[in-house]
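Spelled out, the chains give:
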There are 2 protein chains.
Amino acid sequence: MAAKVYAVGIGPGSLDLLTPQAEKVLRMCTAVAGYQLYLDQIAPLIEGKKIIPGGMRQEVERCTRALEAALAGETVAVVSSGDAGVYGMAGLLMELTQEERFSGIEIEVVPGITAALSCAALAGAPLMNDFAVLSLSELMTPEAVIRRRLEAIAQLDLPVALYNPKSRRRHVLLEYAVEVFRKYGGDQLPGALVRDAWREGQKIQFFTLDQFPFDEVQMTTLVLIGNSQTRIANGRMFCLRGYREKYGVGE
Amino acid sequence: MAAKVYAVGIGPGSLDLLTPQAEKVLRMCTAVAGYQLYLDQIAPLIEGKKIIPGGMRQEVERCTRALEAALAGETVAVVSSGDAGVYGMAGLLMELTQEERFSGIEIEVVPGITAALSCAALAGAPLMNDFAVLSLSELMTPEAVIRRRLEAIAQLDLPVALYNPKSRRRHVLLEYAVEVFRKYGGDQLPGALVRDAWREGQKIQFFTLDQFPFDEVQMTTLVLIGNSQTRIANGRMFCLRGYREKYGVGE
């Protein structure tokens, strides 16, 4: 049988939002690789298994070790928060299998609830129709590209989920994001911050862009910005679907 | 206690990708509203419950009946495939609670694995970094807006997941999508069709845009189009993350 590595998305952190498929794979595998915070969140499922740890920015090393462990006969799960295929480890694992020594290893992706979805659910339904997912981290994408994407998305009247809105050193791209969405969508465009979604310390805040609460944004915050069809009512942020205009009741 | 309606995302159809939280809510509720195909997919969880059925394009009626049932004392789940907050029923339910008679009803969203994620996992990791989610159905969004979004997204070098690529009557928007992505991304831009993901009849096909398999697109197909960083190798479509260029191995 070919060696196999599973790229597993564990969702936002609550085991209630980890899929049965992810649970099966985690229970079945013999070795688990991942950032310690994520391993803690799935601790009950991985007791006694070999751990391949690794900190932030050690992703290549961690994935390389996971692939080596698979060659040595382990069944390996590499865990990512949210979905392994969205700012997670799935792509990097596939990239690494282009190396000759890893070329026989199959990478299977187990999807998970990415932050855009888990946070949107807590805020209401802000990503109801078309939307974009962007990261404000310039570690992987050049800053100029991020700026160009932000401006174009704002101009398109597309709601957006912003990952990695801020780090300790960095906040200018978040300021730029708010600036361009105000420019094209207006001061009253609605938004939400969702922090530590489905975990201890969860916090949801709504606002209009002229009152953007910059000081409330943490590293574990997801920023949601609406469009011209977005409303906030009864403590829920949602995007109009247009059904009523199109079909009316009872058609 | 306030009346409550749950907007539940059931994922792509396999119970293995329905979250434990969704399962709990479905088992706990007394009435379930949804399109019959989705109710069939969760049949083991809803035996004996009151069913509020409704066909395609009867969304307003179905959601209205669900809200009325909640007022009458039922605990109601309205199910959507994928995520209830992405082209699902969550937003419409919130919209309807703006009516006076429904204003006391709380809408809770239980997130699910939307098709972009479930299909991406089967194809590889094509939505690894920033991406957009667009629907080619002009039922809710004017055709001119869809065209403008497609062209802008293609120009931004953003990978895209295209929902509702085609109906019985309609295929011009899909042709337009392929045309603009070829224009900005080139003939060799990679893509994938994922049909009936995680269900019987599942089929995954890779191609470059100059060979786009129009005849293979069905109503249950999701179209994934990559960007300049997308590769297809070892039967997997994935987006380069850039880690190796930035950090090298072992930093």
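Throughout what follows, the structure given in this document is the object of discussion. (Residues numbered from 1 in each chain as written. Chains lettered and ligands numbered in written order. Predicted model: local features only at pLDDT ≥ 70, side-chain atom pairs only at ≥ 80, totals over all residues. Heavy atoms only, no water.)

**A closer look at the relation of the copies chain A and chain B**
When chain A is fitted to chain B, the best match, at an RMSD of 0.0 Å, comes from turning it 180 degrees and sliding it 0.0 Å along the axis. Such values leave the two copies arranged in the relation of a two-fold axis. Most of the interface of chain A is mirrored in chain B, where 100% of its interface residues again form contacts. (Least-squares fit on C-alpha atoms with pLDDT ≥ 70 in both. Contact = heavy atoms within 4.5 Å.)

**Let's talk about the packing of aromatic side chains**
Taken as a whole, this structure holds eight aromatic pairs over all chains when the rule is applied. For the pair Tyr87 of chain B and Tyr163 of chain B, a centre-to-centre distance of 4.8 Å together with 50 degrees between the ring planes defines the contact as tilted. Separated by 76 residues along the polypeptide, Tyr87 of chain B in the loop between β4 (76–80) and α4 (90–96) and Tyr163 of chain B in strand β8 (residues 160–163) bring together distant segments of the chain. Judged by its relative accessible area of 10%, Tyr163 of chain B is buried. Note on Phe212 of chain B and Phe214 of chain B: the rings are 4.6 Å apart at their centroids and 50 degrees apart in plane angle, and the pair reads as tilted. Among the residues examined, Phe212 of chain B registers a relative accessible area of 8% and is labelled buried. Site record: aromatic cluster; members linked through ring pairs are Phe207, Phe212 and Phe214 of chain A. The residue whose ring lies beneath Arg147 of chain A is Tyr176 of chain A, and the NZ or CZ to ring-centre distance is 4.7 Å. (Phe/Tyr/Trp six-rings, centres within 6.5 Å; stacked < 30°, edge-to-face > 60°. Helix = DSSP H or I, 4+ residues; strand = E, 2+ residues; numbered from the N terminus. Buried < 20%, exposed > 50% of the residue type's maximum accessible area, 1.4 Å probe, protein only. Lys NZ or Arg CZ within 6 Å of the ring centre and 35° of its normal.)

**A closer look at the packing of helix α6 (residues 143–155) of chain A against helix α7 (residues 172–185) of chain A**
Residue and element names in this part refer to chain A. The geometry of α6 relative to α7 is characterised by a closest axis approach of 8 Å and an angle of 25 degrees between their N-to-C directions. Of the possible angle classes, the one that applies to α6 and α7 is roughly parallel. As α6 runs across α7, the sense of the crossing is right-handed. Where α6 approaches α7, its residues Glu143, Ile146, Arg147, Leu150, Glu151, Ile153, Ala154 and Gln155 are matched on the opposing element by Val172, Leu173, Tyr176, Ala177, Val180, Phe181, Lys183 and Tyr184. Each residue belonging to the contact of α6 with α7 can be placed in one class, and the counts come to 11 nonpolar, one polar and four charged. (Axes fitted to C-alpha atoms, helices over the stretch in contact; angles between N-to-C directions. Parallel < 35°, antiparallel > 145°, perpendicular 65-115°, else oblique. Left-handed = near helix turned anticlockwise from the far one by under 90°. Nonpolar A, V, L, I, M, F, W, Y, C, P; charged D, E, K, R; others polar.)

**Things to note about the sheet that holds strand β10 (residues 203–208) of chain A**
Taken together, the 10 strands give an open sheet; going across it, the order is β10(A)-β9(A)-β11(A)-β8(A)-β7(A)-β7(B)-β8(B)-β11(B)-β9(B)-β10(B), and neighbouring strands pair in mixed fashion. Every other strand in the sheet has two partners, leaving β10 of chain A together with β10 (203–208) of chain B as the edge strands with one partner each. For this sheet, the mean inter-axis angle between neighbouring strands, taken without regard to orientation, is 15 degrees. Alignment of strand β9 (residues 190–195) of chain B against β10 of chain B, held across six bridges, turns out to be antiparallel. Bridge pairing in β10 of chain B links Val194 of chain B to Ile204 of chain B. Against the sheet, helix α6 (residues 143–155) of chain B touches β7 (131–135) and β8 of chain B, its axis set at about 160 degrees to β7 of chain B. (Pairing = 2+ DSSP bridges.)

**Looking at the interface of chain A and chain B**
Many analyses report the size of an interface as the accessible area lost when the parts associate. Contacts between the two partners involve 81 residues from chain A, matched on the other side by 81 residues from chain B. Taken together, the two surfaces of chain A and chain B that pack against each other cover about 7,100 Å², and 58% of this comes from carbon and sulfur. In this structure, the connection of chain A to chain B is made through four salt bridges. Here Asp130 of chain A ties to Arg149 of chain B by a salt bridge, and the two come within 3.0 Å at their closest N and O atoms. If you look at where chain A meets chain B, you find 22 residue pairs in polar contact (both at pLDDT 80 or more). For the side of chain A that touches chain B, the element with the most residues is helix α4 (residues 90–96) of chain A, which contributes six residues. Taken together, the residues that form the side of chain A that touches chain B break down as 41 nonpolar, 21 polar and 19 charged. (Buried area = accessible area lost by both parts, 1.4 Å probe. Salt bridge = Lys/Arg side-chain N within 4 Å of Asp/Glu carboxyl O. Polar contact = N/O pair within 3.5 Å; in protein donor to acceptor, adjacent residues only side chain to side chain.)

**A few points about the environment of Ala154 of chain A**
Residue and element names in this part refer to chain A. The residue Ala154 is located in helix α6 in this model. Remark: the alpha-carbon pair of Ala154 and Gly226, spanning 72 residues in sequence, is separated by 9.5 Å. Those residues in contact with Ala154, other than ones at most four positions away along the chain, are Val180, Phe181 and Tyr184.

**Considerations on the pairing of β4 of chain B**
Along any regular strand, the residues point their side chains to alternate faces of the sheet. All names here are of chain B. For β4, the buried fraction is high: five of the five residues fall into the buried class. Here β4 shows no split at all, with Val76, Val78 and Ser80 on one side and Ala77 and Val79 on the other all buried. Note that strand β1 (residues 4–9) and β4 share five bridges and pair parallel. By the bridge assignment, Ala7 is partnered in β4 with Val78. In terms of strand pairing, strand β2 (residues 31–33) meets β4 through three bridges, oriented parallel. In the strand pairing of β4, Ala31 is matched with Val76.

**Some thoughts on unusual backbone geometry**
The backbone of Asn164 of chain A sits at a positive phi, close to 45 degrees, despite the residue not being glycine. On the secondary structure map, Asn164 of chain A appears in the loop between β8 (160–163) and α7. What makes Asn164 of chain A partly exposed here is its relative accessible area of 35%. Positive phi is not limited to glycine here, since Trp198 of chain B has a value of about 60 degrees. Tracing the backbone through its elements, the reader meets Trp198 of chain B in the loop between β9 and β10.

**Looking at helix α5 (residues 115–123) of chain B**
Residues and elements named next belong to chain B. In terms of burial, α5 is a largely internal element, eight of the nine residues being buried. Restricting attention to buried positions, one finds in α5 the residues Ala116, Leu117, Ser118, Cys119, Ala120, Ala121, Leu122 and Ala123. Count one or two residues on from α5 and you reach Gly124, which has phi positive near 145 degrees.

**Thoughts on the environment of Gly235 of chain B**
All names here are of chain B. Mapped onto the secondary structure, Gly235 falls in the loop between β12 (230–233) and β13 (236–239). For Gly235, a relative accessible area of 44% gives the class partly exposed. Considered as a pair, Gly235 and Phe206 are 29 residues apart in the sequence and their alpha carbons are 8.2 Å apart. Residues in contact with Gly235, not counting those within four places in the same chain, are Ala123 and Phe206.

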